[in-house]
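Architecture at a glance
Next come the chains, spelled out residue by residue.
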Amino acid sequence: MGHVDFIHLNVLEKKVLNNSEVSVQYLCSKPCIVNLEAIASSEFRTGVSVYRRRWKDEQNLYVSRTRQVHLKFPSIMVYRDDYVIRNSVIVHSVILYAWISHASVSSYDVKQNESYQWAVARNYTFLEAVPPFKRPYKDHKVCLQWGTDYLWTLQANKIPQCPHESDGVQILSFIYASSGEKTGIVKKFERFENRELETVRQHQIDYPICFFSSLLMWGLARAQIHRSGTDSGYTPFLSFHVSTTKVHRFTISIWLYLLHYCEMDLCGILYFIDPKEMYSTPAVFLNEEGYVHIQMHLIRGDDLAVKTSFSLPLRQWFRLDLSFKGGEIEVSSVGKNLKRHHHQSFIFREDFYYDDTAGYFVLGGSGYANGIEAFFGPVKYYRLNVLETERISNPLYDKEATEQIELYYERCMDIQEIVSGYTHIVRQGQPVQKDCHYENYYSKQIHKYGEKSKCDAFMWGKELREKYQSLFKLLKEMDFSSPDVLEDENDTVLEVGWRIFEKVAKGLSSADGLSNMGSSIPLLVDSSCCGYHKASYFLAVIFETGLGVPVDRSKGLLYSLVGAQGNERLSVMNLGYKHYQGINNYPLDLELSYAYYSNIAIKTSLDQHTITGEQAFVETVRLMDDELLKAQTKENGDVFMWLKHEATRGNAAAQQRLAQMLFWGQQGVAKNPEAAIEWYEKGAIETEDPVLIYDYAIVLFKGQGVKKNTKLALELMKKAAAKGLPQAVNGLGWYYHNFKRDYRNAAKHWLIAEELGNPDASYNLGVLYLDGIFPGVPGRNQTVAAQYFYKAAQGGHIEGTLRCSLYYITGNMEDFPRDPEKAVIWAKHVAEKNGYLGHVIRKALNAYLELSWHEALLHYVLAAETGIEVSQSNLAHICEERPDLATKYLATDCVWRYYNFSVSQINAPSFAYLKMGDFYYYGYQNQSKDLELSVRMYAQAALEGDSQGFFNLALLIEEGNSIPSYILDHLEIDQTVHSSNISLLQELYYRCWNYSNKESVSPCSLALLYFYLRVFWNNILQSTLIYFMGTFLLSILVAFTMQYFQSLSASNSLGTRSEPSLDEPSSMGNNEDATRPEQQDESTFPNGLAQQELNPQNHLATS
């Protein structure tokens, strides 16, 4: 029987420790020499032999032997710095080699036979280096003098500690609802602060050759050394070892609850985008069959993709673990119990290119790929380590939320089956039957062979009927014979969900409708399960705010996530807002907030091109602004009828305003695009107004509410441009680009329009540079494109703002350093213009004007929870106006909650700051007093230009309180000039007067006058008695004067009423150009053209 030589290594603790024990098992078929050698690499030297041992075995042939060896390493590798070891070495890697060579019978070329290259058996293992400050001190077994020992103790305590840093990065710690759209979470890794970790990372980038080729290089180097006959010539060995011991290694761990497989070719799970906006390593996708597609960018420049042989499970939580080590990939799926379900390995010959700081990671979707339809749980990324499944620390944190998600979808499967089965039977023209029971054999045989009996009841079991009693009752009441009921099964279930929701919403909006919230919740749950996720958002708000029910945060979170996953716009905005502010137990996470807000921001851009659906223009109407409330109207209201009268007479301004109101549904007028287009046409033909001509040309180009007529549209556009209208000049450029592909003429018109200040033109020029088609400029120029996008964004352009927010979140553009907060603010700004949100706000306002308090409260709560500031302050105002309503139906303190939310916004009104300042000053209900916060609120109101803020600050000083210096700095009050209270009061009262109405007597002007008189009186009168008597009389005089002017002002204001102005028919300054049809962004390219650059240059490799 033949024997094969072998050698195995077993290290009890794979760390570089002194006296580490290694078990060497080997077998020799001839007299042999067993060799051990440890090779170390540090920051300054590589390939250094730090341990050697060899022994002969000539007796024990054909017998497996085991020998215990204790490794001895240099002290600078295994101990900390002390009074003897002055400079310990940071070791990056240590490899322990073992090999067997047969003993030579002659002295001929003995060294060659003993080399690693000519070994008959060989093996190796890696040892993990220990960081210097985690190593022990060495016992030198010497006794120091007291002074020396004391000085060393002081010095040892001053040794700089490495920053507490790990290579494990928690990319996501909270549940993320991925709807399958082209948006996701963007993360960017920074360099390690820990010097050692950063050095290891850099070496993996610089020397990425995989270890399989290193063995050959190492052997050749050793052979050359031995042939030369010198033992000191390690230069060839060292140079080879530099490029061979470093392999890329990292581990990814992702928790998922997958709802559907990818409908497209590939959907993103986690992938890396490099600075050139191309896929790099790693790139993990899901395909349409549920298999995992893994792509890597190789060192030689091309891409390699592999695909798992197992598919991922649906509708259950599992963890996907992937480890990358040089040319090897390990993929595992693990259940909630951490037991492995599937495992697969991939091995290839070439290492991949990997630099995790040169670009950004995307979790879910992006402009390059759709995301998966799933819930992401915790995601952990180990940047430098390969870990087995058992060693990965990535627990499923919120077990209650994950279990509720599972229970929700289990229940929804029952409901969808019931609805689908019921509607199918009804469509077949058959009565819905139940299982019939037969009392004897004869009746059973009749049923089996005779005419089928009809049982006028449900075919589902009694238990199921009782469980979903309300659903069955509603299904009985529904008419499924109408032609609007869809044939598709999924659409039918959605239709039933819509019907249930409309019935519930109508009931809740009625008088005392909120009193029936308890009975409405089961129906809303059924509607949500049918896929109608407006019901999901209703449920989220009901449970989070305690609207008619006790507060239940866990259910609120559940339905927020379910609604967001189902692409309900208000649910998505709700999550974006909560993560932006870090409120209601939602963690502050700007990247997660951006993922939600950017989703709605993109939809807002698309929604504005669609005139269908429940959309309305988002208007800022505050319930405390009487003038704006008076401007709200209906089709039979005075304002509308007056505008219509003027428009009929040919007034161009009235025609513009009337058309805008009808096209977008503004100021309480119902949306009516057809009627709006009639006014556009009438104004364009009769009045020759350039704006009306342009607006009519746009709808003709687009065919919105009217048949397309490109020829007439072009004539009208040229006519408006000839009158000097900037947007019309931009429109001509759009025509030449879109219809003629004449980039030269397009650029010519856009440059002219851009000089005239048109933001659409700025954006379009940016797209030309981005696509590399700007006339006379070779190639793409992303830098110039970004500058144009930024200029467009500054002008309010939606797509320009979106692109800038993307630049800020990725940090991939030189002029846009990464700033997640700014990215969120810009995306939020666009998302809050969404027409579907505007529809809810409009319903709330109309209900308030009609004194329908329950409906107003309901819809203002729905809008306020999305983070819309005007709805938050309006809701707080309603709760102040009707405290009985708020106390009865809201479990949360409405006034405090929503004024507090309001002042947290960047666009909060000054009166909200004043309200919160008063609450902190006097103490509001259960809230304690806080003078400093009160001062901060008043100061913020003052910064907004509110004179009351300065007045309140002055009163605080009059009462003996002080204002913190940082607030004075914030108000730009020089404390060296205004060091005394008298000087500070003078400055505050002066600013109060300066910001108030100077044309009439105001409290600020009287307060300033009173202050000057007090100072004057104090200066000229020395007698204390006279001073106080004079002050008293002067106060009485000022009080009478103030009362007189106030009564005079009130009498002058009686009976006055403002009528709509032809110069400003809107009466709302923020509505001007944005309200015109397609004015904001219709002149830009169609979506297909504007998104050309979103296709990555290196396409996905085929598995």
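Residues numbered from 1 in each chain as written. Predicted model: local features only at pLDDT ≥ 70, side-chain atom pairs only at ≥ 80, totals over all residues. Heavy atoms only, no water.

With that out of the way, let us pick up the overall build of the protein chain. Regarding its fold elements, the protein chain presents 41 helices and 20 strands. Burial statistics for the protein chain: of 1103 residues in total, 53% are counted as buried. Summed over all atoms, the accessible surface of the protein chain reaches about 51000 Å², with 51% contributed by carbon and sulfur. (Helix = DSSP H or I, 4+ residues; strand = E, 2+ residues; numbered from the N terminus. Buried < 20%, exposed > 50% of the residue type's maximum accessible area, 1.4 Å probe, protein only. Areas by Shrake-Rupley, 256 points an atom, 1.4 Å probe, with all protein chains shown as cover.)

This brings us to the sheet that holds strand β4 (residues 48–57). Strand order in this open sheet of four strands is β4-β3-β6-β7, and the pairing throughout is antiparallel. At either end of the open sheet lies a strand with only one pairing partner, and these are β4 and β7 (121–127). Direction aside, neighbouring strands of the sheet carry axes that sit 15° apart on average. Bridge count between strand β3 (residues 32–42) and strand β6 (residues 91–102): 11 bridges; the pairing is antiparallel. When the sheet's bridge partners are listed, Glu 37 is paired in β6 with Tyr 97. (Pairing = 2+ DSSP bridges. Axes fitted to C-alpha atoms, helices over the stretch in contact; angles between N-to-C directions.)

According to the stated counting rule, one finds five disulfides in the structure shown. What pairs with Cys 262 in a disulfide is Cys 267, and their sulfur atoms sit 2.0 Å apart. The sign of the S-S torsion, about 70°, decides the handedness of the disulfide formed by Cys 262 and Cys 267: right-handed. By relative accessible area, Cys 267 is classed as buried at 4%. There is a disulfide in this structure between Cys 412 and Cys 529, and the S-S distance comes to 2.0 Å. Torsion about the S-S bond of the Cys 412 and Cys 529 cystine: about -65°, corresponding to left-handed handedness. Note that Cys 412 is positioned in helix α7 (residues 399–427) and Cys 529 in helix α12 (residues 517–529), a separation of 117 residues in sequence. Like Cys 529, Cys 412 is buried. (Disulfide = S-S within 2.5 Å.)

Time to look at the environment of Tyr 966. In this structure, Tyr 966 sits in helix α37 (residues 965–970). Taking the C-alpha atoms as reference points, Tyr 966 and Arg 936, separated by 30 residues in sequence, lie 9.9 Å from one another. Apart from residues no more than four positions distant in its own chain, Tyr 966 is found in contact with Glu 932 and Arg 936. Only 2.6 Å separates the side chain of Tyr 966 from the side chain of Glu 932, close enough to count as a polar contact. (Contact = heavy atoms within 4.5 Å. Polar contact = N/O pair within 3.5 Å; in protein donor to acceptor, adjacent residues only side chain to side chain.)

Tallied over the full model, the rule gives 56 aromatic pairs. Their ring planes at 85° and their centres at 5.5 Å tell us that Trp 734 and Phe 739 sit as a pair that is edge-to-face. The ring of Phe 126 carries the charged tip of Arg 249 above its face, separated from the ring centre by 5.8 Å. In this structure, Arg 383 packs its charged tip against the face of Phe 192, placed 4.1 Å from the ring centre. (Phe/Tyr/Trp six-rings, centres within 6.5 Å; stacked < 30°, edge-to-face > 60°. Lys NZ or Arg CZ within 6 Å of the ring centre and 35° of its normal.)

For the structure shown, the criterion picks out two cavities of 30 Å³ or more. Space inside the largest cavity adds up to approximately 60 Å³. Along the walls of the largest cavity sit Tyr 176, Ala 177, Ser 178, Ser 179, Glu 181, Thr 183, Ala 564, Val 572, Ala 595, Tyr 596 and Asn 599, which together make up its complete lining. With four residues, the top contributor of residues to the lining of the largest cavity is strand β9 (residues 176–179). Its residues assigned to classes, the lining of the largest cavity shows six nonpolar, four polar and one charged. (1 Å grid on protein atoms, 1.4 Å probe; cavity = no way out; pocket = protein on both sides within 12 Å on 5 of 7 lines; lining within 4 Å. Points joined across faces, edges and corners; volume = space filled by probe spheres on them. Nonpolar A, V, L, I, M, F, W, Y, C, P; charged D, E, K, R; others polar.)

Per-residue confidence for the protein chain gives a mean pLDDT of 81, with 81% of residues at or over 70. Here residues 209–245 is modelled with pLDDT under 50, and outside its nearest four sequence neighbours on either side it reaches 62 contacts, counting other chains as well. Per-residue pLDDT stays below 50 along residues 433–439; that stretch engages in 18 contacts with residues further than four places along the chain or on separate chains. (pLDDT = per-residue confidence, 0-100.)

As a further point, take the pairing of strand β13 (residues 279–287). Among the nine residues of β13, nine are classified as buried, and the element is accordingly described as predominantly covered. Of the pairings in the sheet, the one linking strand β12 (residues 266–273) to β13 comprises seven bridges and is antiparallel in character. The residue bridging Tyr 271 from the neighbouring strand is Ala 283, located in β13. Bridging between β13 and strand β14 (residues 291–297) involves four bridges; their strand directions are antiparallel.

Counting residues in hydrophobic clusters, the biggest one holds 266 residues, and the most contacted among them are Phe 375 and Phe 376. It is helix α21 (residues 690–702) that provides the largest number of residues to this core, a total of 10 residues. If you look at the next biggest cluster of nonpolar residues, it comprises 31 residues, including Val 11, Phe 73, Leu 96 and Ile 100. (Core = buried A, V, L, I, M, F, W, Y, C linked by side-chain atoms within 4.5 Å.)

Moving on: α21. Taking 1.5 Å per residue as the helical rise, α21 with its 13 residues ought to reach 18 Å, and the 18 Å between its terminal C-alpha atoms agrees with that figure. Taking burial as the measure, the 13 residues of α21 include 11 buried ones, the bulk of the element. Buried within α21 are the following residues: Val 691, Leu 692, Ile 693, Tyr 694, Asp 695, Tyr 696, Ala 697, Ile 698, Val 699, Leu 700 and Phe 701. If you follow the buried residues of α21, they end up packed against α19 (652–664), α20 (673–686), α22 (710–722) and α23 (726–738). (Expected span 1.5 Å × (residues − 1).)

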